[in-house]
Amino acid sequence: MSQIQPEVREALPDLGNAQPGFGAARADIAFEVNGTAISVNVPPLRRLSSVLRDELLLTGTKVGCDAGDCGACTVLVDGDPVCACLMSAASAAGSVVTTVEGLADGRLSALQASFLAHGAAQCGICTPALLVAATALLDKRPNPTETEVQDALGGILCRCTGYRKIIAAVMDAGRFEPSADGAAPHPPAGTFSPYSDGEKGEASALAAPSPSSSRGEGKGEGQHQPQWFDLGLDRRMPISGNAVGSSPIRLDGVPKVTGDEKFGGDSFPADALAVLVVRSPYYHAGFTFGDLDGWAKTHPGVAGVFTAADIPGKNCFGVIGPFADQPALAEGFARLRGEAVALVAGQREAILDLDLSDFPIRWTELPHVLQSCEAKASGANLIHDNRPANLLTSGFVERGDPEAALAGAAFTVSGAIDTSYVEHAYIEPEAGYAYLDGDTLVVVACTQAPYMDRDETAKVLGLAVDKVRIVPTATGGGFGSKLDVSLQPLIGLVALKTGRPAALVYTRTESMVSTTKRHPAEMKATIGADADGHVIGMIFNGDFNTGAYASWGPTVANRVPVHASGPYATPNYRAEGRAIHTHGPISGAFRGFGVPQATIMQETLYDELAGKLGMDRLEFRLKNCLRNGSETVTGQLLDSGVGIADCLESLRPHWARAKADADTFNSANRNRKRGVGVASCWYGCGNTSLPNPSTIRVGIAADGTVILHQGAVDIGQGSNTVITQICADALGLPLDKFRLRGADTAISPDAGKTSASRQTFVTGKAAEKAGRALRETILRFANVSDKASLQLDRLAIVIREGEATRRIDLASLDVDAEGFVFRAEETYDPPTLPLDAKGQGKPYAVYGYGAQIAELEVDLKLGTVKLLKITAAHDVGKAINPLLVEGQIEGGIAQGIGMALMEEYIPGRTENLHDYLIPTIGDVPPIETILIEVPDPEGPFGAKGLGEHVLIPTAPAILNAIRHATGVLVTKVPATPTRIRAAIREKEARR
């Protein structure tokens, strides 16, 4: 057997050594759960979280870290909030445990109802823990202050919401009163209600469909089969024609607050083999295996070990075909720390106890580079032999003569800024299971891109695409990283080789080590303006560290040069973005595809240029912003729908007030100073100059329900609700008649990936077209004009036009294979044009715009930053669902705060949620949202995308505010206290 180097232990997943399982002594442990006395026979040191989830099937208790860092597993033990992952089963003996499933008895609690009404649940993975902890608070303090809410929930991380709506929901819960008949609580008359006036109707939400395994009555069998949930609120649904622009409770909201929502790790079959991944402990290393079969035989419960030699297809995947370069399992050498090299599959209890320190693998460490500048240096070893100078690819945009413009400028500014790796830090680690349904491989997992997963998994496993089915579970946050294939081909390989279901949940460390990050950037730029303050030229250069494999590096390299000018008229321009390979973590998609980094460079220089011109910083931006009739740096004529000026104008009173407040404070304080910063953004919705279609199917069933095949994965942003609202108004029927069929590659058409702020725009447009097409089909069948109205009356469609009424008996019509009597299917692909050699063309059909003001206070002695307020104005074209729009804005701002002030993924050092810091509930200040609606003719009902835009201006606004307060610009992001203090000391030393 090969010698095992001690470092191999670092490469193994952190399974929790305090999780005795296979062969460990067991004991009967009794306690009460949700009002029921139970007894379990488990090892006494088994985590309480595991007992609740695996033995009692109470999967509303989530596991995000197994270290007490995220708080997702919070339950009540004798009335007090406890991290169940840190409590042993033995410690729970004799106690009373309450999980999210026990918060209400067959109905929603007032707190759950408040969460729904306020839009406080987005992806929903952290929602059960927040509800449990808030319940404990409200039991003691029925009317808590904001500070009390923050203190009570401070140990629970949320990556989606930005916390503000959570705080509001907890503080407002007392306003949701039980109804006289004992039904679920609802808001009393005259109080907060997010619904538009209209007819009452019971609303239902469809859980994501998924096949149940045919292999026995296992845990979670059929958990993902279609289920209907009664909302249980006095719900005033918008009538026909009024869904768009209203804020009904999200259609998938109820299971999020009850704990019924099934995420990737919540419904594994009982007979599924557990899978471990052996990973490289080195950034670059060769390796050889010893006697794998012999090792497996000496470990009871291990069913097999699998390596690249077992992969039947092409051992290479990637999100962009021509650049695909990543093996599912490395062959002979690893290019990054954490790269998968082997799989170990076995009985769950055996895997819990498995010690891989004697796993037969020998490592040979090789030289590595982690920085782009090192990888570009002359003589640097190539990470991929076919990519000279370690250049993956580059993007380029040039317009006019920027050198001449800058030479003739009255004022110029130049700068350089570096940004860091940023971890997505979704609370749900990658999770899923795979099984064989006849000769079809079914993968049930969290994802943002089911059709992409299907195609890449089929390629790796040597299967026809129609022999692979991807069934998305609820996804507990994604933000771009869950676009890439992760565990899908790994669990698929084990299922194929063993014939048994295979299940895998990444540990927190495993997730952070092996999945994609935001690209670190090394950027330089120069901008010039004439004496009147008009920008006349700009040159930008950026190297983006794409890590060991391509992932979305080509997209970042091409998107950045298009956007690096910001939403400003720049007649002379050159920008180049380069994706550089290193042995660092793979960099991929993360809310903005490189634009947030480039915007930091551009917007901080804009502040400096305004200062040289002696102009107000907001006025300088208004003078130069794009308007209707402007041309972009790619030569695209923007005829209409340009809302950046409207955003900036709406900030005027807030800007004046914030500056006055800062001046007053600063005149009275010496060691603490306040600053105000502003920054803008623009973002093209969808793919850059590439096909980007979405397809939607909608039909009316014989029982009078409207079935919407909605294949756009909802990762918390609200596409299930928003796209249904669009289709409802286009068809002319109310929301409560709709039922959703989720993003299952076997039953719903491809609505494209959930990324690039494309779903509301692209899939929404397809839904609008499909709704209108279905309406037209029905009207033609009835031989009436398009002025007629539709109504569903049980098993009939009632059509009214003027005084005439017609009734179509659905039972009398033929039914197709899917149960439809009327149906429509439509595809929308945004009209774009390719970019030429100089980057000229029409890369996007629709752009969204936004601007934000950051107000903060800096302690000059400590370098610490206290955020006071963010004011955000965003042009969304049309707010399909204003409450969900606000939630997206607040969540994006929270991530922008993290990028600006605290988030810095350091390979080998910050690979958990204790050392890697993301904003907590106390880090996000009050946020004032201003919704701007400048319709775009391409968007559905004028709507534009939003998801990426909202993060982009936050970090530069904060950096500009820090400079306003201190007089120094931090040029290495994040602006930690150490860096701020160092910049202040350097400034003082120059005096």
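Residues numbered from 1 in each chain as written. Predicted model: local features only at pLDDT ≥ 70, side-chain atom pairs only at ≥ 80, totals over all residues. Heavy atoms only, no water.

Asks: Hey, could you run me through the overall build of the protein in this one?
Replies: Per the secondary structure count, the protein includes 23 helices and 36 strands. Scaling as 2.2 N^0.38, a compact globule of 991 residues should have a C-alpha radius of gyration of about 30 Å, and the protein matches this with 28 Å. Along the first, second and third principal axes, the C-alpha set of the protein runs to 90 × 80 × 60 Å. Sequence separation of at least 24 residues holds for 77% of the intrachain contacts in the protein that already meet a minimum separation of 6. Entry remark: accessible area of the protein is about 32,900 Å², with carbon and sulfur atoms responsible for 49%. Between the averaged position of the 91 positive side-chain charges in the protein and that of its 114 negative side-chain charges there is a distance of 4 Å. (Helix = DSSP H or I, 4+ residues; strand = E, 2+ residues; numbered from the N terminus. Rg over C-alpha atoms; globule rule 2.2 N^0.38 Å. Contact = heavy atoms within 4.5 Å. Areas by Shrake-Rupley, 256 points an atom, 1.4 Å probe, with all protein chains shown as cover. Lys, Arg positive; Asp, Glu negative; His and termini not counted. Charge placed at Lys NZ, Arg CZ, Asp CG, Glu CD.)

Asks: In this structure, what is going on with the packing of helix 19 (residues 719-731) against helix 20 (residues 759-782)? I would like to understand it.
Replies: For any two helices packed against each other, one specifies the inter-axial angle together with the distance between the axes. Helix 20 packs onto helix 19 with a crossing angle of 30 degrees between their chain directions and a minimal axis gap of 7 Å. Judged by the inter-axis angle, helix 19 sits roughly parallel to helix 20. Once helix 19 is placed against helix 20, the crossing between them reads as right-handed. The segment helix 19 lies against helix 20, with Val 722, Ile 723, Ile 726, Cys 727, Ala 730 and Leu 731 engaging Gln 759, Thr 760, Thr 763, Gly 764, Ala 767, Glu 768, Gly 771, Arg 772, Leu 774 and Arg 775. Its residues placed into classes, the contact of helix 19 with helix 20 shows eight nonpolar, five polar and three charged. (Axes fitted to C-alpha atoms, helices over the stretch in contact; angles between N-to-C directions. Parallel < 35°, antiparallel > 145°, perpendicular 65-115°, else oblique. Left-handed = near helix turned anticlockwise from the far one by under 90°. Nonpolar A, V, L, I, M, F, W, Y, C, P; charged D, E, K, R; others polar.)

Asks: Looking at this structure, I do not really get the sheet that holds strand 9 (residues 285-289). What am I missing?
Replies: Taken together, the three strands give an open sheet; going across it, the order is 11-9-13, and neighbouring strands pair in antiparallel fashion. For this open sheet the edge positions go to strand 11 (333-334) and strand 13 (361-365), each flanked by a neighbour on one side alone. (Pairing = 2+ DSSP bridges.)

Asks: I would appreciate a short explanation of the sheet that holds strand 32 (residues 820-828) in the present structure.
Replies: Pairing between the strands of a sheet is mediated by backbone hydrogen bonds and can be parallel or antiparallel. Pairing in this open sheet of four strands is mixed, and the strands run 28-27-26-32 from one edge to the other. Every other strand in the sheet has two partners, leaving strand 28 (738-741) and strand 32 as the edge strands with one partner each. Adjacent strand axes in the sheet meet at a mean angle of 20 degrees when their direction is disregarded. Against the sheet, helix 19 engages strand 26 (694-701), strand 27 (706-709) and strand 28, with an angle of about 130 degrees to strand 28. Packing against the sheet, helix 20 makes contact with strand 26 and strand 32, and its axis sits at approximately 145 degrees to strand 32.

Asks: Any chance you could explain the pattern of salt bridges here in plain terms?
Replies: Two side chains of opposite charge can pair, provided their charged atoms sit close to one another. Throughout the structure, instances matching the rule amount to 58 salt bridges. With a shortest N-O distance of 3.0 Å, Lys 256 and Glu 261 are connected by a salt bridge. Across the pair, exposure class does not vary: Lys 256 and Glu 261 are buried alike. The partner of Arg 578 in a salt bridge is Asp 543, and the shortest N-O contact between them spans 2.5 Å. (Salt bridge = Lys/Arg side-chain N within 4 Å of Asp/Glu carboxyl O. Buried < 20%, exposed > 50% of the residue type's maximum accessible area, 1.4 Å probe, protein only.)

Asks: What exactly am I supposed to notice about helix 14 (residues 553-563) here?
Replies: Residues lying three or four places apart along an α-helix face the same way, a consequence of the helix completing one turn every 3.6 residues. The element helix 14 is extensively covered by neighbouring structure, given that ten of its eleven residues are classed as buried. Among all positions of helix 14, only Gly 553, Pro 554, Thr 555, Val 556, Ala 557, Arg 559, Val 560, Pro 561, Val 562 and His 563 are buried. Those residues of helix 14 that are buried lie in contact with strand 14 (391-399), strand 23 (535-547), strand 24 (573-581), helix 15 (595-613) and strand 25 (672-684).

Asks: Just checking my understanding: could you explain the environment of Ala 272 for this structure?
Replies: As for its placement among the helices and strands, Ala 272 is situated in the loop between helix 6 (253-258) and strand 8 (273-279). With relative accessibility at 9%, the residue Ala 272 sits in the buried group. Along the chain, Ala 272 and Gly 588 lie 316 residues apart, while their C-alpha atoms are 31 Å from each other.

Asks: Hey, could you run me through the environment of Leu 103 in this one?
Replies: Examined against the element boundaries, Leu 103 turns out to sit in the loop between strand 5 (96-98) and helix 2 (110-118). The exposure class of Leu 103 is buried, given its relative accessible area of 17%. The spacing of Leu 103 and Ile 320 is 217 residues in sequence and 45 Å in space, taken between C-alpha atoms. Not counting the four nearest positions on each side in its chain, Leu 103 is found in contact with Thr 98, Ser 109, Gln 112, Leu 131, Val 132 and Thr 135.

Asks: When you look at the pairing of strand 2 (residues 36-42) in this model, what are you seeing that I'm missing?
Replies: Strand residues, when the strand is regular, have side chains that alternate between the two faces of the sheet. Pairing of strand 1 (residues 27-33) with strand 2 involves seven bridges; the strand directions are antiparallel. Each bridged residue has a counterpart across the sheet, and for Glu 32 the counterpart in strand 2 is Ala 37. Counted between consecutive antiparallel strands, the loop separating strand 1 from strand 2 contains two residues, among which Asn 34 sits at a positive phi close to 50 degrees.

Asks: Help me understand unusual backbone geometry, please; the structure alone is not making it clear to me.
Replies: For residues besides glycine, phi is generally negative; the peptide bonds are generally trans as well. For the bond from Val 973 to Pro 974, the omega torsion is 20 degrees, close enough to zero to count as cis. The backbone phi angle of Ser 551 is positive, close to 45 degrees, even though this residue is not glycine. For Ser 551, the location among the structural elements is in the loop between strand 23 and helix 14. Judged by its relative accessible area of 7%, Ser 551 falls in the buried class.

Asks: Would you explain the side chain of Arg 518 in this entry?
Replies: Relative to the assigned elements, Arg 518 resides in strand 21 (residues 517-518). Lacking a salt bridge, the buried Arg 518 has Glu 903 as its closest oppositely charged neighbour, with an N-O distance of 7.7 Å. Engagement of the side chain of Arg 518 in a polar contact is seen with the backbone oxygen of Phe 590, the distance being 2.8 Å. Setting aside its immediate chain neighbours within four residues, Arg 518 contacts Ser 420, Tyr 421, Val 422, His 424, Ser 587, Phe 590, Arg 591, Pro 596, Gln 597, Met 899 and Leu 951. (Polar contact = N/O pair within 3.5 Å; in protein donor to acceptor, adjacent residues only side chain to side chain.)

Asks: Just checking my understanding: could you explain the side chain of His 949 for this structure?
Replies: Examined against the element boundaries, His 949 turns out to sit in the loop between strand 35 (927-932) and helix 22 (954-966). Of the residues examined, His 949 reaches a relative accessible area of 1% and is grouped as buried. A distance of 3.2 Å separates a polar atom in the side chain of His 949 from the backbone oxygen of Tyr 683. One polar contact links the side chain of His 949 to the main-chain amide nitrogen of Gly 848, over a distance of 3.5 Å. If we skip the residues at most four places from it in the chain, His 949 touches Cys 681, Tyr 683, Cys 685, Ser 757, Gly 848, Tyr 849 and His 874.

Asks: Explain the packing of aromatic side chains to me, please; I cannot follow it from the model alone.
Replies: For any pair of aromatic rings, the description consists of the separation of the ring centres together with the inter-plane angle of the planes. If you walk through the whole model with that rule in mind, you get 16 aromatic pairs. When the ring of Phe 268 is compared with that of Tyr 433, the centres are 6.0 Å apart and the planes differ by 75 degrees; the resulting orientation is edge-to-face. Taken together, the residues span a long stretch of sequence, with Phe 268 in the loop between helix 6 and strand 8 and Tyr 433 in strand 17 (residues 431-437) at a distance of 165 residues. Overall, Phe 268 belongs to the buried group, its relative accessible area being 15%. Between Trp 552 and Phe 593, the ring centres sit 5.7 Å apart and the planes meet at 70 degrees, which makes this aromatic pair edge-to-face. Within this pair, whereas Trp 552 is found in the loop between strand 23 and helix 14, its partner Phe 593 is found in the loop between strand 24 and helix 15, the two being separated by 41 residues in sequence. Trp 552 sits in the buried class, given a relative accessible area of 5%. According to the relative accessible area criterion, Phe 593 is buried, its value standing at 2%. Site record: aromatic cluster; members linked through ring pairs are Tyr 282, Phe 287, Phe 289, Trp 295, Phe 359 and Trp 363. The aromatic ring of Phe 590 is capped on one face by Arg 518, whose charged end is 4.4 Å from the ring centroid. (Phe/Tyr/Trp six-rings, centres within 6.5 Å; stacked < 30°, edge-to-face > 60°. Lys NZ or Arg CZ within 6 Å of the ring centre and 35° of its normal.)

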